[in-house]
2 protein chains.
Amino acid sequence: MFCGIVVPTGRHRQNDAAEGEFSVTIRLPWVDAMTVAVSSDSLISPRAPGASLKSEFVAFKVNRIVEAASHLFYERGYSSCTLDNVASELSVTKPFLYSYFRNKEAILAAICEVGISEALAVLEDVLAHDHGSHRARLAEVVRKVGRIVIDRQEYVVVYQREMKHLSADDYKRILRLRHSFDHQIGEMIREGVASGEFREDIDPFIAVWIGGLISWIPTWYSASGQRSAEEVIEYLVQAALRLAGAE
Amino acid sequence: MFCGIVVPTGRHRQNDAAEGEFSVTIRLPWVDAMTVAVSSDSLISPRAPGASLKSEFVAFKVNRIVEAASHLFYERGYSSCTLDNVASELSVTKPFLYSYFRNKEAILAAICEVGISEALAVLEDVLAHDHGSHRARLAEVVRKVGRIVIDRQEYVVVYQREMKHLSADDYKRILRLRHSFDHQIGEMIREGVASGEFREDIDPFIAVWIGGLISWIPTWYSASGQRSAEEVIEYLVQAALRLAGAE
DNA sequence: TGTAAAAACTACTAGCAGGTAGATATGTTT
DNA sequence: AAACATATCTACCTGCTAGTAGTTTTTACA
């Protein structure tokens, strides 16, 4: 709609009530990172119900910024990539970015949050449902998280490499998400061992090794390479089960 | 000796012949990255035989620079870390660095080369000796490379994260080393499968998964953490053998 | 079509960081 | 001790980049 960022929609309509409600969350014009991951639609998460068209516009633009920045941060590194680079990638100008993000670091925080919050959501979804066995549950978590790190490849790599540039507050917030994820994975494996489905003689920190398998994928996987994402994920699941001694 | 970089030696002696010979390799004062990894002593590789005392001084200072830069690049990232930071870490000045390295990127190249060239040396050493079985040979390679990535933790992480900032030439040179390493590991595993010692139904790219296990260690291992390096390495070997189906 | 509000832009600043020229200090040899 | 060579430093330049103030353009709606 504006300057290369075309909002995909039909008619514009003002919804004052909804806008008022939502401004608590969106905090225009300083959209903070937390909100980004939750409120954006197509790329990052489902449309927030009850959001006004206007806030959807904002979420859409925020998303496009995060997407473009993620790609450039991935290629050139966070510190070497200028906001002018990001802006020109989107055919907008730097002050445009500043009307959606407090500063450069806030864009990074939004990127870092994508991968980990999606992984956490998937994990909690799997844990909430019954899968018959601990083995099946582990396989399902690994399969889904594997899918995320492949789909969000650039986000994940940027997160891994550039997290040190986050402000203290953002760093703590994102680390909390990460710890919650790690903790739940660890628990899941402990339960599998206790149930007798996984071998008892495995490394008590086996979750770390499985995490390595998964975390390393985004650095070597190439969408244009020989192996399809599906193939990689199947072998990943096989490798994870073998590490857990649950073949 | 000068300004915080104390060369640990007794007397100074001039050895014109040796100096002349060596200047081919050392190329004073523009020591390039290749030479660094080969010519430096205590930290990176054994003393080059026949080197003059003078060239040892140079190698020592180059080493100290690489060490300090590696640490700061690890903590702050390559692009965010200034050469003034590196210089003040060593209590020297920026032009001092420039008399040992062509530019900032050359320091990065030296860092990147440490881990991969050591790993390659270890791999070729293991392959040159008989280990009785393919299983034992794989275990030995994994054990030794695991030790390197732990000992050279910061170097390896900087390499993984910052390689994109290398000049095209340095990039190509270091990537060649890396490819040679990957290729030989792949061959080793193929031989193990062919011999019947490893399972046949494993992922043909299993070396990539084992590589992930190893490459991920430097990002989570902490020398001050609960687990000793030896313990981590033993579990690493166990995990690698299990992935190869060679328990 | 006119008008007010929102969105985006142009043009700028201040500070920083890579890199260098020339001065100074240190060591060596006779 | 003088003279030369080497090593290191001081002081600077230049280009770049995060962030901003104020102006212009676009949109929504009467």
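For the structure, see preceding data.
These figures come from a predicted structure and were not determined experimentally.

S.K.: What exactly am I supposed to notice about the overall build of chain A here?
M.R.: Within chain A one finds 11 helices and 0 strands. Taken from N to C terminus, the helices and strands of chain A fall in the order α-α-α-α-α-α-α-α-α-α-α. Out of the 247 residues in chain A, the part that is buried amounts to 53%. Summarising the internal contacts of chain A: among those between residues at least 6 apart in sequence, 72% fall at separations of at least 24. Carbon and sulfur atoms make up 53% of the accessible area of chain A, which totals about 11,200 Å².

S.K.: I'm lost on the interface of chain B and chain A in this one. Help?
M.R.: One frequent convention defines the size of an interface as the accessible area lost when the parts assemble. The partner chain A presents 36 residues to the 36 residues of chain B that form the contact. A combined buried area of about 3,100 Å² lies between chain B and chain A, and 62% of that area is made up of carbon and sulfur atoms. Where chain B packs against chain A, one counts 4 salt bridges. Taken together, the elements giving at least two residues each to the side of chain B that touches chain A come down to helix H3 (53-76), helix H8 (153-162), helix H10 (206-220) and helix H11 (229-244) of chain B. Broken down by element, the residue count for the side of chain B that touches chain A peaks at 9 residues, all from H10(B). Residues that form the side of chain B that touches chain A fall into these classes: 15 nonpolar, 11 polar and 10 charged.

S.K.: What exactly am I supposed to notice about H11(B) here?
M.R.: Compared with an ideal rise of 1.5 Å per residue, which puts 16 residues at 22 Å, H11(B) spans 22 Å between its outermost C-alpha atoms and is within 8% of the ideal. Every buried residue of H11(B) is accounted for by B:Ala229, B:Val232, B:Ile233, B:Leu236, B:Val237, B:Ala239, B:Ala240, B:Leu241, B:Arg242, B:Leu243 and B:Ala244. In this structure, the buried side of H11(B) is in contact with helix H10 (206-220) and helix H11 (229-244) of chain A together with helix H7 (134-151) and H10 of chain B. One or two residues past the end of H11(B) sits B:Gly245, with phi positive at roughly 70°.

S.K.: Could you clarify how one ought to interpret the nonpolar core in this entry?
M.R.: Judged by nonpolar contacts, the single largest core of 147 residues is most densely connected at A:Phe73 and B:Phe73. When neighbours within four sequence positions are excluded, B:Phe73 is seen to be in contact with B:Tyr78, B:Cys81, B:Val86, B:Lys104, B:Ile107, B:Leu108, B:Ile111, B:Val158 and B:Glu162.

S.K.: Got a minute to help me understand the relation of the copies chain B and chain A in this structure?
M.R.: One copy of the chain maps onto the other through a rotation about an axis plus a displacement along that axis. In the superposition of chain B on chain A (RMSD 0.1 Å, axial shift 0.0 Å), the rotation amounts to 180°. The operation mapping one copy onto its partner corresponds to a two-fold rotation axis. Both copies share a contact surface, since 100% of the interface residues of chain B are interface residues in chain A too.

S.K.: What should I look at first to understand the packing of helix H7 (residues 134-151) of chain A against H10(A) in this one?
M.R.: Between two packed helices, what matters for the description is the angle formed by their axes and the separation of those axes. All names here are of chain A. Running from amino to carboxyl end, H7 crosses H10 at an angle of 25°, the nearest separation of the two axes being 8 Å. When the interaxial angle is binned, H7 and H10 end up roughly parallel. Taken as a pair, H7 and H10 cross one another with a handedness that is right-handed. Taking contact as the criterion, the partners of Val142, Val145, Val149 and Ile150 in H7 are, on H10, Ile210, Ile214, Ile217 and Pro218.

S.K.: Got a minute to help me understand the packing of aromatic side chains in this structure?
M.R.: Here a ring pair, both rings aromatic, is described through the centre-centre distance and the interplanar angle of the planes. Considering all chains together, one arrives at 6 aromatic pairs over all chains under this definition. Ring geometry for A:Phe96 against A:Tyr100: centres 5.1 Å apart, planes inclined by 50°, an arrangement best described as tilted. Geometrically, the ring pair formed by A:Trp209 and B:Trp220 is edge-to-face, given 5.6 Å between the ring centres and 85° between the ring planes. Taken together, the residues span two chains, with A:Trp209 in helix H10 and B:Trp220 in helix H10.

S.K.: It is not clear to me how helix H9 (residues 168-194) of chain B should be interpreted in this structure. Could you clarify?
M.R.: An α-helical turn contains 3.6 residues, so a residue and the one three or four places further along point in the same direction. All names here are of chain B. The terminal C-alpha atoms of H9, which comprises 27 residues, lie 38 Å apart, in line with the 39 Å expected from a rise of 1.5 Å per residue. Residues Asp170, Arg173, Ile174, Leu177, Phe181, Gln184, Ile185, Gly186, Met188, Ile189, Gly192 and Val193 constitute the buried set of H9. Taken from the residues just after H9, glycine 196 is the one with a positive phi, measuring 90°.

S.K.: Can you walk me through the side chain of A:Glu162 in this structure?
M.R.: Positionally, A:Glu162 belongs in helix H8 (residues 153-162). In this structure, A:Glu162 is buried with no salt-bridge partner, the nearest side chain bearing the opposite charge being B:Lys164 at 4.7 Å. If we skip the residues at most four places from it in the chain, A:Glu162 touches A:Phe73, A:Gly77, A:Tyr78 and A:Leu108.

S.K.: Looking at this model, I keep getting lost on the side chain of A:Glu105. Mind explaining?
M.R.: Residue and element names in this part refer to chain A. Locating glutamate 105 in the fold gives a position in helix H6 (residues 104-128). Of the side chains with opposite charge, arginine 102 lies nearest to the buried glutamate 105, which makes no salt bridge, at 5.9 Å. Here serine 167 takes part through its backbone nitrogen, which lies 3.0 Å from a polar atom of the side chain of glutamate 105. The residues touching glutamate 105, leaving out its near neighbours within four places in the chain, are Tyr78, His165, Leu166, Ser167 and Asp170.

S.K.: Before we go on, may I ask you to explain unusual backbone geometry in this structure?
M.R.: Most of the time, phi is negative for any residue but glycine, and the peptide bond is trans. All names here are of chain A. Positive phi outside glycine occurs at serine 91, with the angle close to 55°. Tracing the backbone through its elements, the reader meets serine 91 in the loop between helix H4 (83-89) and helix H5 (94-98). Note on serine 91: relative accessible area 55%, which makes it exposed.

S.K.: Which parts of the structure should I look at to understand the packing of helix H6 (residues 104-128) of chain B against H9(B)?
M.R.: Residues and elements named next belong to chain B. As a packed pair, H6 and H9 sit with axes 10 Å apart at the nearest point and diverge in direction by 20°. The orientation of H6 relative to H9 falls into the category roughly parallel. Here H6 and H9 pass one another in a crossing that is left-handed. In this structure, H6 contributes Glu105, Ala109, Cys112, Glu113, Ile116, Ala119, Leu120, Leu123, Glu124 and Leu127 to the contact, and H9 contributes Asp170, Arg173, Ile174, Leu177, Arg178, Ser180, Phe181, Gln184, Ile185 and Met188. Looking at the contact of H6 with H9 residue by residue, the classes come out as 12 nonpolar, 2 polar and 6 charged.

Analysis parameters
- Residues numbered from 1 in each chain as written.
- Chains lettered and ligands numbered in written order.
- Predicted model: local features only at pLDDT ≥ 70, side-chain atom pairs only at ≥ 80, totals over all residues.
- Heavy atoms only, no water.
- Helix = DSSP H or I, 4+ residues; strand = E, 2+ residues; numbered from the N terminus.
- Buried < 20%, exposed > 50% of the residue type's maximum accessible area, 1.4 Å probe, protein only.
- Contact = heavy atoms within 4.5 Å.
- Areas by Shrake-Rupley, 256 points an atom, 1.4 Å probe, with all protein chains shown as cover.
- Buried area = accessible area lost by both parts, 1.4 Å probe.
- Salt bridge = Lys/Arg side-chain N within 4 Å of Asp/Glu carboxyl O.
- Nonpolar A, V, L, I, M, F, W, Y, C, P; charged D, E, K, R; others polar.
- Expected span 1.5 Å × (residues − 1).
- Core = buried A, V, L, I, M, F, W, Y, C linked by side-chain atoms within 4.5 Å.
- Least-squares fit on C-alpha atoms with pLDDT ≥ 70 in both.
- Axes fitted to C-alpha atoms, helices over the stretch in contact; angles between N-to-C directions.
- Parallel < 35°, antiparallel > 145°, perpendicular 65-115°, else oblique.
- Left-handed = near helix turned anticlockwise from the far one by under 90°.
- Phe/Tyr/Trp six-rings, centres within 6.5 Å; stacked < 30°, edge-to-face > 60°.
- Lys, Arg positive; Asp, Glu negative; His and termini not counted.
- Polar contact = N/O pair within 3.5 Å; in protein donor to acceptor, adjacent residues only side chain to side chain.

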